[in-house]
Amino acid sequence: MRYCFAILIVALLIGFPGSIFCQNNTDKNAKLDSLQNALNKSKNDTNRVRILNELADVLRFPNPDSAIIHAQSAEALALELSDPVWRLKSLLSLGEIYHYPLQQQDKALQFAEPAERLASEIGSKKQMIDVYYLYGKIFEAKGERNLAINYFEQALQLAIETKERSKQFFALNQIGKAHQWAGRNAKAEPYFLEALELQKILGNTRYQAGILQNVGKNAAIANEVENAINYYRQSIEIMQELEDVLGEAIIYQVIAFTYYDKGYYPQALENYQVSLNLREKTGDELQTIPNFMGIGKVYEAQENYEEALNNYEKALAVSEKMGDQLKTGTILDDIGNIYSLQGKYQTALNYFFKSLYISKTTENHQQMANVIINIDHTYEKINQLDSAFIHLQEALQIGRQYENLFIQVPCLIGLGKIYFKQYKYQESITNLNEAIRITRERGLRQEELEAQKILYEIYKTQNNYQQALYHLENYKNLQDSLFNEANTRQLARIEAENVFEQEKQQLEFNQQAELAKQRASRRGLLIALIATALLCIAIARYYWLKQRANAALSKLNEEIVQQKIVVEEQAEKLRELDKAKTRFFTNIDRKST
């Protein structure tokens, strides 16, 4: 199940509509309207072929069925015009659509082969680059990575010869990814780094962000989590400079998956939530589905099945509302798995069969096989081996038809277990040995461990002690190796979780200290305001009392002045009276003498 979820995450980077390698939805909608208007107005057939091909490219992810119709129309018109160049472009467009998102690789090959013949007839190296590039992607999806690398290298060589630097970049990137998927990380890194340097010259920062993620993934596979996160954060900085919220959200989701894959669940949840918040800002509900699924996976790993189910149901509600059948099928499978883990097997089977129906309807063979394997495991748990056997045979047939070894291995092991329980030892040994051969080629040690254990039990039952000992030793060596790696990861996880908790506690402490500081600052400000208010009141009262006293004093002064005037007037009258009196007595004295 974790492998299937990893495929979903990688799909986000190589072809999801909101991927950092693509235009944002607003730009695409504007371009779509413009092209449709141009198509309606155009009367020139050659121009119409060009517009139809461009429409197919724009519609490839949001509406692949419509994209196919436009590309087929373009091919038919180009054939009518005897225009091999535009017919080649139409064939390549059809091949790309069937490769991804429809994931019908054999159908894609049906368009790649005539495209190769046309490119050879035209004699154009530049167009042959596109053909080889398509071949490489198809064979990579089919699991034939050496063949894929061969085609990518041919594309790279032609791109160097024709000095097509942008196509050199894509070829380098794809060769790196093919080596990465094959587990050859040391070989992958030089291609990624060369692609990064080339893109720095070309100046496309968006593509630089994508390469940084590929280098980060390389570090994550090597268990260099800190280095991986460092590359991812460099990619985030580019998205922030571009103001690409969706691109930023996708990278946070990749960080979350990296933590989840290494068992660092608190960090995974934290980054999934950051990614979800960013996606919700875009207003596109469909973009939230991978985050709800990712959060559900983390809770499932923590055996918190109620929370896992809650998030899967949120994803399902959005998927059904938006009519996305591919995602609906995947989510139904995840919900069924939760019910199976809870022991609710009949409910689980109901969800698995709903998912299987959608997978068959949409021809999603990878998902179809995954569901069938889950149905098998559920039937095994309720001891319905015949039903389990039928579904495993069907899944194995799909795996072989599409040459998907990751489907074949669990089917072979499952059939081996059933044959063992039915005492069909030779049939069991045949299936298990084939499974071990593939697991050793692909480095699937956990799966090999399971196969070795069953073989040990078979030979022990047959009293073939030499073979039993051989497989027991293989089992023990694998178990020790995986146990040591698990312990190393567990120690790293515990250390990382301790660091995470310490950082969280420090942040909480800093936050509390800052809040306390702010409260103290506010308290000090309030006291200062109160003191200032009281001081203002005291000053105002002082001036009021002073004015009142001055007014009273002025009034008193006025009264004193008034009284003084009255006294002076009275004194003046008395002086006048004294003068009159003196004259009177003087006159009397004169008269006496």
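Going by the structure above, here's the rest.
This structure is a prediction, so every number in the text was calculated from the model and none was measured.

Points about the pattern of salt bridges
Thinking step 1. Evaluated as defined, the whole model comprises 20 salt bridges.
Thinking step 2. Between Lys 137 and Glu 96 there is a salt bridge whose closest N-O contact spans 2.7 Å. One end of the pair, Lys 137, is in helix 7 (residues 125-141); the other, Glu 96, is in helix 5 (residues 84-99), and 41 residues separate them in sequence. No difference in accessibility class separates Lys 137 from Glu 96, as the two residues are buried.
Thinking step 3. We note a salt bridge from Lys 167 to Asp 130, for which the minimum N-O separation is 3.3 Å. Within this pair, whereas Lys 167 is found in helix 9 (residues 165-181), its partner Asp 130 is found in helix 7, the two being separated by 37 residues in sequence.

A few points about unusual backbone geometry
Thinking step 1. The amide bond that connects Tyr 100 to the next residue, Pro 101, takes the cis arrangement and shows omega of 25 degrees.
Thinking step 2. You can see Pro 101 is positioned in the loop between helix 5 and helix 6 (105-122).
Thinking step 3. Phi is positive for Ser 82, close to 55 degrees, though the residue is something other than glycine.
Thinking step 4. One can find Ser 82 in the loop between helix 4 (64-80) and helix 5.
Thinking step 5. Not every positive phi belongs to a glycine, and Glu 243 is a case in point at roughly 55 degrees.
Thinking step 6. With respect to the secondary-structure elements, Glu 243 resides in the loop between helix 12 (225-241) and helix 13 (245-261).

Quick look at a nonpolar patch on the surface
Thinking step 1. A cluster of nonpolar residues, Leu 526, Ile 530, Leu 534 and Ile 537, forms a patch on the protein surface that exposes about 400 Å² of accessible area.
Thinking step 2. Note that Ile 530 resides in helix 24 (residues 465-592).

Considering the environment of Asn 304
Thinking step 1. Residue placement: Asn 304 occurs in the loop between helix 15 (289-301) and helix 16 (305-322).
Thinking step 2. The exposure class assigned to Asn 304 is partly exposed, which follows from its relative accessible area of 30%.
Thinking step 3. When the C-alpha atoms of Asn 304 and Ile 338 are compared, they prove to be 9.8 Å apart, with 34 residues separating the residues in sequence.

Some remarks on the environment of Gln 479
Thinking step 1. With respect to the secondary-structure elements, Gln 479 resides in helix 24.
Thinking step 2. You can call Gln 479 partly exposed: its relative accessible area is 32%.
Thinking step 3. It is 8.5 Å that separates the C-alpha atoms of Gln 479 and Gln 446, two residues lying 33 residues apart in sequence.

Here we look at helix 23 (residues 445-461)
Thinking step 1. With 17 residues, helix 23 extends 24 Å between its outermost C-alpha atoms, agreeing within 8% with the 24 Å of an ideal straight helix rising 1.5 Å per residue.
Thinking step 2. Residues of helix 23 that are buried: Glu 448, Leu 449, Ala 451, Gln 452, Ile 454, Leu 455, Tyr 456, Ile 458 and Tyr 459.
Thinking step 3. Count one or two residues on from helix 23 and you reach Asn 463, which has phi positive near 65 degrees.

Rules behind the numbers
- In this numbering scheme, every chain counts its residues from 1 along its sequence in written order.
- Thresholds applied to this predicted model are a pLDDT of at least 70 for local features of residues and 80 or more for the giving and counting of side-chain atom pairs; totals over whole chains, interfaces and linings are not thresholded and use all residues.
- Excluded from the side-chain calculation are hydrogens and water; included are all heavy atoms of the structure.
- A pair is scored as a salt bridge if a Lys or Arg side-chain nitrogen falls within 4 Å of a carboxyl oxygen belonging to Asp or Glu.
- Think of it this way: any DSSP run of H or I at least four residues long counts as a helix, any run of E at least two long counts as a strand, and we number them from the N terminus.
- Relative accessibility decides the category of a residue: with a 1.4 Å probe and only protein chains considered, values under 20% of the type maximum give buried, values over 50% give exposed, and everything between is partly exposed.
- Patch membership needs two things, relative accessible area over 30% and no salt bridge, and members are linked within 9 Å if like-charged or within 5 Å if nonpolar (Val, Leu, Ile, Met, Phe, Trp, Tyr).
- What sets the accessible areas is the Shrake-Rupley method with a 1.4 Å probe; for residues, cover comes only from the shown protein chains.
- To estimate the expected span of a helix, count its residues, drop one, and scale the result by 1.5 Å.

Keep in mind these values describe shape, not function.
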